[in-house]
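Listed below are the residues making up each chain.
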Amino acid sequence: MIYFDNAATTKVRPEVIESMLPVLSEEYGNPSSLYAMGRSAHSLIEKARKQVASAIGAKLPREIFFTSCGTESDNWAITGAMALAKGKHMITSMVEHHAVLYTCERLEEQGFSVSYVKPDKTGRITAEAVAKEIREDTALISIMYANNEVGTVNEIAAIGKLAREHGILFHTDAVQAAGHLPIDVEAENIDLLSISAHKFHAPKGVGALYIRDGVNIAKLMRGGAQERNQRPGTENTASIVAMGTALSLAVSEMQEETARISAMREHLEKRIFAEIPDVYLNGNREHRLPGTVNFRFPGAGSDAVLLSLDMEGLAASGGSACSAGAAEASHVLLAMGLSESEAKHSIRLSLGHMNTMEEVDQAVEILKRVVLRIRSISPVY
Ligand SMILES: *Cc1c(COP(=O)(O)O)cnc(C)c1O
């Protein structure tokens, strides 16, 4: 099995499993308990908090709040910021993950007003496009760091600067970026930032929200006093430890891994464009994630292609895993200007830490075979 769906989720690294095992077997105390076992669980969490803070350039570890996933972090950041905001307006984009989009739709139902910025043809959101939507009553800008379907990286530092100049809070869904791109919440003027551990080789079901010191947002849940009384619930100690380990590993290896993974992706693109006729790239050739690529193959519907790829041992995806199975065309590709049919002839391959150049060559052979076969039996192509 060749796994080219690292944007959907990743395999947990052995070093990461190693780091969480003692927590599951020995250090099972409740981090809020005052006896020794509780205190040591607490200190493991605080170590992970430092690791996460330093990975994103946060000034203080206490700016990191652990959550249950990227989706919770997005919901909390947006709902919590708007609940305490003076203005009733926020800006987001048409290409956000559903964790952001559906949260914004909910806010609209509650009487808030939301502007959805349209991306350029490559899926990119620029500061200029965001600036056009700023109003007197704009309280929040939420623009994702990098897109999960096409890999396009947005103009985050410029949007952060714009938000700061206007006194508007800036949230970014950095779930695809954390561990893969250098992030600096200070230099980029980010006030709120969401990450999810399972996108960088730690387990599913744990995430974090960075909340800049001095920024107040409402809580999402009621309960205990965990996470400085901002996010109740007994901490998922083992997974939090794993997230800290995985993120610091990713950051320390980022330079070499970016080079290696980009080289694999470039090789993949070069061969696909040379060996399969009539193929298009959905995304941005310059501002992009190292491992993610989205191709359009006219005449080869994505459902048929993905099914055949699976049978041949290649795991890829039609866009976002979260909406897979839904027969709808990708909202990201539609926002980029593709027709419904074009969107339904597009697939995403996302390479990562575990992949090798040999796998890329094998994947090209499989893809070539599958696309040409499906085209040859298509009545309309
Ligand atoms: C995966 C993903 C999420 C959701 O994270 P979960 O931890 O799976 O809830 C949110 N935003 C983006 C951009 C993602 O890729």
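Rules used throughout
Residues numbered from 1 in each chain as written. Predicted model: local features only at pLDDT ≥ 70, side-chain atom pairs only at ≥ 80, totals over all residues. Heavy atoms only, no water. Buried < 20%, exposed > 50% of the residue type's maximum accessible area, 1.4 Å probe, protein only. Helix = DSSP H or I, 4+ residues; strand = E, 2+ residues; numbered from the N terminus. Pairing = 2+ DSSP bridges. Near = heavy atom within 4 Å. Polar contact = N/O pair within 3.5 Å; in protein donor to acceptor, adjacent residues only side chain to side chain. Areas by Shrake-Rupley, 256 points an atom, 1.4 Å probe, with all protein chains shown as cover. Nonpolar A, V, L, I, M, F, W, Y, C, P; charged D, E, K, R; others polar.

A. Structural view of the pairing of strand S8 (residues 207-211). Taking burial as the measure, the 5 residues of S8 include 5 buried ones, the bulk of the element. Of the two faces of S8, the one lined by Gly-207, Leu-209 and Ile-211 and the one lined by Ala-208 and Tyr-210 are each fully buried. Across 4 bridges, strand S2 (residues 64-67) lies against S8 in antiparallel orientation. Among the inter-strand pairings, Ile-64 is bridged to a residue of S8, identified as Tyr-210. By the bridge criterion, 5 bridges tie strand S7 (residues 192-196) to S8 in an arrangement that is antiparallel. Within S8, the residue paired with Leu-193 across the bridge is Tyr-210.

B. Local environment of the site of the ligand. Lining the immediate surroundings of the ligand are 13 residues, of which Thr-71, Asp-173, Gln-176, Ser-196 and Lys-199 lie closest. Here an oxygen atom of the ligand and a backbone polar atom of Gly-70 are 2.9 Å apart. Contact distances for the ligand include 2.6 Å between an oxygen atom and a side-chain N or O atom of Ser-196. Compared with its free state, where it exposes 380 Å², the ligand has 91% of that area covered by protein. Take the shell around the ligand: its biggest share by element is 3 residues, from helix H3 (residues 70-83). Taken together, the residues of the shell around the ligand break down into 3 nonpolar, 7 polar and 3 charged.

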